[in-house]
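Take a look at the letters that make up each chain.
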Amino acid sequence: MMIEALIAVALVGALVTFLAPNRIAGKLAFAISLVPAALSLWMFSAFDGAGNALLEGDLAFESQVEWLQLSEYSISWFVGLDGISLPLVVLTTILTTLAIVSSWTPIDERESQFYGLLLFIEANLIGVFAALDFFVWFIFWEAVLIPMYLLIGIWGGPRRKYAAIKFFVYTNVASLLMFGAFIALVFALPEVTTFALPDVATAMLNGGPEAMFGVAGTTLASIVFVAMFIGFAVKVPIVPFHTWLPDAHVEAPTPASVLLAGVLLKMGTYALLRFNFTMFPDQVEAYAVPIAAIAVISVIYGALLALAQTDLKRIVAYSSVSSMGYVILGLIAYTQFGVGGATFQMVSHGLISGLMFMAVGVIYNATHTRMVTDMSGMADRMPVAVGILVAGAFGYMGLPLMSGFAAEYFIFFGSFGADFPYAPIFTALAMFGIVLVAGYLLFAMQRAVFGPYNLETDYEVSTAPLHDIAPMFVLLGLIIALGVAPDLIFEMITDAVDPILDGGEL
Amino acid sequence: MAVFDLPGWTGLAPALILAATALVLFVVDSISPRSTNRAVLAGISVTGALASLAVAVWFIAAGVGQSGLEGLGVIELFDGGAEFAGGSQFVVDQMALYFMIIVAVVTALVSVASYDYMDGHTYQAEYYSLMILAATGMSLMAAANSLVTIFIALELASLPSYALVAILKDNRGSVEASLKYFLIGALSSAIMVYGISLIYGATGSLQLDAIASELAAADADDYAYDGILGLGILMLIGGFAFKTASVPFHFWAPEAYEGAPAPISAFLSSASKAAGFVIAFRVFTTAFPLEVTAGLIGIDWTWAFIILAIVTMTVGNFAAATQDTVKRMLAYSSIGHAGYALIGLAGLTVDGGELVMGAAMMHLLVYGFMNTGAFLFVALAEYWGVGRTFEDYNGLATQAPVACFALGIFMFSLAGIPPLGGFWSKYFLFTGAIGVGSTAMLVVAAALVVNSALSLYYYSRLVKAVWIEDPLVDRDALTQPTGLYAAIVFAAVMTVVLLPAFGPVSETAIEAAAAVI
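About the cut-offs
Residues numbered from 1 in each chain as written. Chains lettered and ligands numbered in written order. Predicted model: local features only at pLDDT ≥ 70, side-chain atom pairs only at ≥ 80, totals over all residues. UniProt positions renumbered as here; feature names shortened; annotations may be inferred. Helix = DSSP H or I, 4+ residues; strand = E, 2+ residues; numbered from the N terminus. Rg over C-alpha atoms; globule rule 2.2 N^0.38 Å. Buried ≥ 20, exposed ≤ 12 C-beta atoms within 10 Å, placed from the backbone. Contact = placed C-beta atoms within 7 Å. Pairing = 2+ DSSP bridges. Expected span 1.5 Å × (residues − 1). Core = buried A, V, L, I, M, F, W, Y, C linked by C-beta atoms within 7 Å. Axes fitted to C-alpha atoms, helices over the stretch in contact; angles between N-to-C directions. Parallel < 35°, antiparallel > 145°, perpendicular 65-115°, else oblique. Left-handed = near helix turned anticlockwise from the far one by under 90°. Nonpolar A, V, L, I, M, F, W, Y, C, P; charged D, E, K, R; others polar. pLDDT = per-residue confidence, 0-100.

Going by an unreviewed UniProt entry, chain B carries the name NAD(P)H-quinone oxidoreductase subunit 2 and comes from Halobiforma nitratireducens JCM 10879. According to its UniProt record, chain B has this under Subcellular location (unreviewed entry): "Membrane".

The name that an unreviewed UniProt entry assigns to chain A is Proton-translocating NADH-quinone oxidoreductase subunit M, with the source organism given as Halobiforma nitratireducens JCM 10879. Per UniProt, chain A carries the Sequence similarities (unreviewed entry) text "Belongs to the complex I subunit 4 family." As its UniProt record puts it under Subcellular location (unreviewed entry), chain A is described as follows: "Membrane".

Student: I tried to follow the overall build of chain A on my own but got confused; where do I start?
Tutor: Check the secondary structure of chain A and you find 21 helices and four strands. For a compact globule of 506 residues, the expected C-alpha radius of gyration is about 23 Å, and chain A comes in at 22 Å, within 12% of that figure. Taking the principal axes of the C-alpha coordinates as reference, chain A spans close to 70 × 55 × 40 Å. For chain A, the residues scored as buried account for 63% of the 506 residues in total. Relative to all contacts within chain A whose residues are 6 or more apart in sequence, the contacts with residues 24 or more apart total 79%.

Student: Quick question: what am I supposed to make of the overall build of chain B here?
Tutor: A tally of helices and strands in chain B yields 20 helices and two strands. In summary, chain B has a C-alpha radius of gyration of 22 Å against a globular reference of 24 Å for 517 residues, a match within 12%. With the C-alpha coordinates aligned to their principal axes, the bounding extent of chain B is approximately 75 × 55 × 45 Å. Taking all 517 residues of chain B together, 62% fall into the buried category.

Student: Explain the interface of chain A and chain B to me, please; I cannot follow it from the model alone.
Tutor: Taken residue by residue, the interface counts 18 residues in chain A and 18 residues in chain B. Among the elements of the structure, strand E1 (60-70), helix H5 (134-143), helix H6 (145-155) and helix H7 (160-188) of chain A are those that each provide at least two residues to the side of chain A that touches chain B.

Student: I tried to follow the environment of Leu39 of chain A on my own but got confused; where do I start?
Tutor: By the secondary structure assignment, Leu39 of chain A is in helix H2 (residues 22-45). Counting along the chain gives 18 residues from Leu39 of chain A to Pro21 of chain A, while the straight-line C-alpha distance between them is 27 Å.

Student: It is not clear to me how the pairing of E1 of chain A should be interpreted in this structure. Could you clarify?
Tutor: For a regular strand, the rule is simple: side chains alternate between the two faces of the sheet. Residue and element names in this part refer to chain A. Across eight bridges, the pairing between E1 and strand E2 (residues 73-81) is antiparallel. By the bridge assignment for E2, Ser63 is matched with Val79. Counting the residues in the hairpin turn of E1 and E2 gives two residues, including Ser71, whose phi is positive at 40 degrees.

Student: Quick question: what am I supposed to make of the UniProt feature "domain: NADH:quinone oxidoreductase/Mrp antiporter transmembrane" (unreviewed entry) in chain B here?
Tutor: Summarizing the sequence annotation, UniProt attributes the feature "domain: NADH:quinone oxidoreductase/Mrp antiporter transmembrane" (unreviewed entry) to residues 144-444 of chain B in the numbering used throughout. The span residues 144-444 of chain B is 78% helical and 0% strand by assignment, and the distance between its end C-alpha atoms comes to 30 Å.

Student: Quick question: what am I supposed to make of helix H6 (residues 172-203) of chain B here?
Tutor: Given 3.6 residues per helical turn, the α-helix brings residues three or four places apart onto the same face. Compared with an ideal rise of 1.5 Å per residue, which puts 32 residues at 46 Å, H6 of chain B spans 46 Å between its outermost C-alpha atoms and is within 8% of the ideal. Directly after H6 of chain B, the chain includes Gly204 of chain B, whose backbone phi takes a positive value near 75 degrees.

Student: In this structure, what is going on with the nonpolar core? I would like to understand it.
Tutor: Across soluble globular proteins, you tend to see nonpolar side chains buried next to one another. Val103, Met141, Ile343 and Leu376 of chain B are the most contacted members of the largest nonpolar core, which has 434 residues in total. Considering each element in turn, this core owes the most residues, 22 residues, to helix H14 (residues 354-384) of chain B.

Student: What is the right way to read the UniProt feature "domain: NADH:quinone oxidoreductase/Mrp antiporter transmembrane" (unreviewed entry) in chain A from this model?
Tutor: Here the UniProt feature "domain: NADH:quinone oxidoreductase/Mrp antiporter transmembrane" (unreviewed entry) sits at residues 132-424 of chain A. As annotated, residues 132-424 of chain A has a helix share of 77% and a strand share of 1%, and its two end C-alpha atoms lie 35 Å apart.

Student: Can you help me understand the packing of H6 of chain A against H7 of chain A in this one?
Tutor: A pair of packed helices can be characterised by two numbers: the angle between their axes and the separation between those axes. Residues and elements named next belong to chain A. Where H6 contacts H7, the two axes come as close as 8 Å, and the packing angle between them is 165 degrees. Comparing the axis directions of H6 and H7 gives the class roughly antiparallel. Read as a crossing pair, H6 and H7 show a hand that is right-handed. Across the interface between the two elements, Leu145, Met148, Tyr149, Ile152 and Gly153 from H6 touch Arg160, Lys161, Ala163, Ala164, Phe167, Phe168, Thr171 and Asn172 from H7. Residues that form the contact of H6 with H7 fall into these classes: eight nonpolar, three polar and two charged.

Student: I tried to follow helix H13 (residues 326-346) of chain B on my own but got confused; where do I start?
Tutor: If you check H13 of chain B, its first and last C-alpha atoms are 30 Å apart, about what 21 residues at 1.5 Å a residue would give, namely 30 Å. In terms of burial, H13 of chain B is a largely internal element, 21 of the 21 residues being buried.

Student: When you look at the environment of Gly268 of chain A in this model, what are you seeing that I'm missing?
Tutor: All names here are of chain A. Structurally, Gly268 can be placed in helix H11 (residues 254-279). Judged by local crowding, Gly268 falls into the buried class, with 25 C-beta atoms found within 10 Å. Sequence separation of Gly268 and Leu132 is 136 residues, and the distance between their C-alpha atoms is 16 Å. Once residues lying within four places of it in the same chain are set aside, the contact partners of Gly268 are Phe232, Lys235 and Val236.

Student: Any chance you could explain the packing of helix H3 (residues 85-103) of chain A against helix H20 (residues 466-484) of chain A here in plain terms?
Tutor: Residue and element names in this part refer to chain A. At a minimum axis separation of 8 Å, H3 and H20 run at an interaxial angle of 155 degrees. Relative to H20, H3 is oriented roughly antiparallel. For the crossing formed where H3 meets H20, the hand is left-handed. Residue-level inspection shows Leu98, Val101 and Ser102 of H3 in contact with H20, the latter providing His467, Asp468, Ala470, Pro471, Val474 and Leu475. Class assignment of the residues belonging to the contact of H3 with H20 gives a composition of six nonpolar, two polar and one charged.

Student: What is the right way to look at unusual backbone geometry in this model?
Tutor: Generally, phi is negative for residues other than glycine and the peptide bonds are trans, each holding for most cases. Residues Val239 of chain A and Pro240 of chain A are joined by a peptide bond in cis, for which omega reads 10 degrees. Of note, Pro240 of chain A is situated in the loop between helix H9 (217-235) and helix H10 (244-251). Looking along the chain, the bond that leaves Val247 of chain B and enters Pro248 of chain B is cis, with omega of 5 degrees. One can find Pro248 of chain B in the loop between helix H8 (226-243) and helix H9 (252-259). Of note, the phi angle at Tyr334 of chain A is positive, near 60 degrees, even though the residue is not glycine. Secondary-structure assignment places Tyr334 of chain A in the loop between helix H14 (312-333) and helix H15 (336-367). Positive phi is not limited to glycine here, since Tyr422 of chain A has a value of about 60 degrees.

Student: What exactly am I supposed to notice about the confidence of the model for chain B here?
Tutor: Low pLDDT means the predicted coordinates in that region are not meant to be read closely. Per-chain confidence: chain B averages 89 in pLDDT, with 96% of residues scoring 70 or above. For this predicted complex, the interface confidence score (ipTM) comes to 0.88, while the overall pTM stands at 0.91.

So this is what it looks like as structure tokens:
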């Protein structure tokens, strides 16, 4: 019942905060969010699962209750955690708490609604990572959209309405595509009468779907694979489905960006891993080269786009496209280090991008501009915030002893030795992306934070308040901790990843 | 029926309680004419509606309509004795009780909301008694089992409705809407009566089971009345289309809903529509079994509903997307939802269809909460006097976050977004339609998905207006009328609760549908 407790605390907390007066909403939400954070950390220490949740592994904190019955198909409330989902749940709870603290400065209207929505998102995100029945998962998956739409639409920047609706339409259409494909798949699977993901995975590995509507089983599996891949690719996002991301990020208020980049993007990669890369090993093999090509294009193209930006937030946003490209490369490598590294990168990128967005947000709070061209020498006035921004940038570039290095190293190590054709060449091309990352980040740093102090806007810049700095220090600490000792989570990740890779021999 | 200890007519208790409530309201009105004691009048209506609801729920829980050892069996009423073997005029089975529940719930919600809405209005007692009378008619429609009782119940529901739409006597829009509603209603009643007479001519019966046995006994190769029967069925469909606001008799709905007081719009678009569907379900499953009728008239009547379903949902959604006023948007959305519920009849097959029909019944129940809630929000906005267009609603959330939160729930549920009750019923309709397996039903399922996706556009437009846009004008502080707020919040809570608690609803609906098929 631990997972239910986590979700319930966040949901009830959301309602309480929504009805609380604006004055205390921020502090109240922070206090409430400490409960799921503490609970999830306790779950992390008490984790006793083994193997992969979908492939007959031992689940931790499992619970399953019959929910609905529709003709022969039953839907149940089915949640549980394995080594892949637990780190993401912990990431969610910690990032939410930190995002709440980082909102205290910038959010100054309709606070109770804002913090209520943040907690509501948290509840749904936990649900997405913990759910093991398709319908439970899909309900949480879709429920994330509405609060994020409102967060961007109400508290966002000047073009917030456009950005919010673009985000909503893109991801909702993608969800519809994926939903239809998966339902068709389940109906075509013989002897599957539940929507429990482990049952579907088992059936997929033991023969796959039968012919339906005149489409042969293997063809149907391929169609479903592609449809679901596209559905999740929008969420990740992968080039060419990425165009909603910079708009949403730039217009979103900082705390929403933190959650968007930190956790919401991981919903896409997590779903790819859970669905496409666990249930369709044959299709993964067959489509390895095009997917690897898309991954490399995402890395390079995202980095080139970031290089061309002058808005700090846009730079960080496009760098997410790049980083998600690494995740896809690691997944398609289909080796222990590749898939494990990809999962590690999900957590690592969640921490680092969260840190970067917070740092940019702190600078924006003081300067009211994010344009690189409008400022220089910020290090002079905000040494601590800038220091953290630079540290985050180095994390992005993969400085050893920071989690970014460990993640990228695992991924490249895994993908270099992968079985698909031209794997080393793809890996080499993707590694070139790191050079570009270093290029655009250092270039932006050099212009904005170093050199003589100058600011185009008329604001007095002084050091940021402690409650803006503290969450960034927590994140930095976690980034370094994971960089120094990746085994904190990598061990449980590989334990859950291994069954996927020899999935055929179930 | 033998298991049932009370006299058989008590089976109609949910409808009879409503009728008694209407009489009590008449008495109150005659003792104290022009009474403006809103608390007493609304209180009586709410009590009556809740009592009707409680009895219907109790009956369904006790097993009325269920066969077997646990169940109490179907209650048959007024079967005319042994020498008149025509079958019963009323039947209380699970389907009847299910729809009585929908009617009672909506009536209760609307009565509670009317407490504030009708504040200061001259015709208080008339308003409530007309509404309860209409609800009585709708409740009886759920149990009517003969074309005569169906027609009488339908008129009992319709006549008070015409007056209710016009209750704002000094408002030109209200009167005009009522006139349009009445004229189209009269026309469709005439068409329906003519259809009934044709069917009587072809079969010699008005009672639904008798019609079915008459048709079954007929010789398919040498059937003389195929034209009359077919035309009669077609005309009946016209009558149902009017009551459910489906194409081609839908165009009264936007006018009537917009001109009527908003609680009445909620009442008509939720309860009246559900009642229209129950008679359609009962007539077509009981009186015209597919395999028999198709053999006699040479065409499968589900085709009519397949076409009507697709056209209705498409017309409703496309028209809703182009509206400027909120109430008209909701009116067209209500037409679109009639199209979704029509899938319940379109998907019937010779050997089944309880899944789609059950899904349509579930949809009507969820719809009873989410649509009533949405119209009651409009009632709230009218109470505040904020205007009619989307722009007038801009920025309401800063002043009334709770009501706007509820509105968000209604809109997203109407669109079928997952964390709400509307998702399940739409999904069940979708899988039910696919499960039929015919190409035509695949097209219907595709139309459902496309229309749902499209509907998100105009539903989210309202959410965007209240939550995201800044107000165009400075409003005074908005009051929080207790009755309206209570009704809206309750409807919102039910829309959410129906997500986890959908199990009993879906079981009952599918069982009820299976029983009549």
